[in-house]
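# Structural characterization, general
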Amino acid sequence: GVSRMTYYKYYTSKLDVLKDYLQEMILKYDQERKQKFPGTFFTYDQLLHCFRYFLRYRSVFQILSRTSLYSLLATPINQYISCSMLPESQMDEYAMYYYCGAIVGFFFRWMSSGQPASPEALAQEFCRLSGKNGGSSDMPTCEENLPETR
């Protein structure tokens, strides 16, 4: 355990502890993503990795859901997008935020519904929906690496 003296030395509230934890969770995801998918965004394989990674933290997301604290993720996600994703990508800034917001929305809905679908099905559905973007050439569609359907 951590003593109260140590806790109060680094944090002013329990909310600060949670914010720090969420920041660390996003940072670890970024490190894994860069290692496995450098410069790659919104492909089926990368999305599948994303959903599997954050599924490891389901209890944290369930707490955020029960306590209506989803907004705590906004700052670390925005920092991740602006500091890590945008510099590696040729994608338009607004397109990047659009897709990241959609992924977060997908994930939270999946968490709040008890994960009735597999991470694979979730990644496939995201790719299917993102392919309906009116044919814009700067929007990824995931089509190049979707698994074969049976």
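What comes next is a walk through the structure.

The rules behind these values
Residues numbered from 1 in each chain as written. Predicted model: local features only at pLDDT ≥ 70, side-chain atom pairs only at ≥ 80, totals over all residues. Heavy atoms only, no water. Helix = DSSP H or I, 4+ residues; strand = E, 2+ residues; numbered from the N terminus. Buried < 20%, exposed > 50% of the residue type's maximum accessible area, 1.4 Å probe, protein only. Contact = heavy atoms within 4.5 Å. Areas by Shrake-Rupley, 256 points an atom, 1.4 Å probe, with all protein chains shown as cover. Disulfide = S-S within 2.5 Å.

## Focus: the overall build of the protein chain
Of regular secondary structure, the protein chain possesses seven helices and zero strands. When its helices and strands are written in sequence order, the protein chain yields α-α-α-α-α-α-α. Each of the 150 residues in the protein chain was classed as buried or not, and the buried ones make up 37%. If you take every contact in the protein chain between residues at least 6 apart in sequence, the share linking residues at least 24 apart comes to 65%. Total accessible area computed for the protein chain in this model is approximately 9200 Å², and 53% of it derives from carbon and sulfur atoms.

## Focus: the state of the cysteines
What the rule picks out here adds up to zero disulfides. Considering cysteine sulfurs only, Cys100 is the nearest to Cys50, which forms no disulfide, with 8.5 Å between them. Among the residues examined, Cys100 registers a relative accessible area of 8% and is labelled buried.

## Topic: the environment of Phe108
Counting through the fold element by element, Phe108 comes out in helix H6 (residues 93–112). In the structure, Phe108 is positioned 38 residues away from Tyr70 in sequence and 8.6 Å away in space, judged by C-alpha atoms. In this view, Phe108 contacts Phe61, Tyr70 and Leu73; residues no more than four positions away in its chain are not counted.

## Looking at the side chain of His49
Mapped onto the secondary structure, His49 falls in helix H3 (residues 44–55). Judged by its relative accessible area of 9%, His49 is buried. With sequence-adjacent residues up to four places away left out, His49 is seen in contact with Tyr29, Glu32, Arg33, Lys36 and Phe37.

## A look at the environment of Phe126
Locating Phe126 in the fold gives a position in helix H7 (residues 119–130). Residues Phe126 and Leu47, spaced 79 residues apart in sequence, show a C-alpha to C-alpha distance of 8.3 Å. In contact with Phe126, not counting residues within four places along its chain, are Leu47, Tyr99, Ala102, Ile103 and Phe106.

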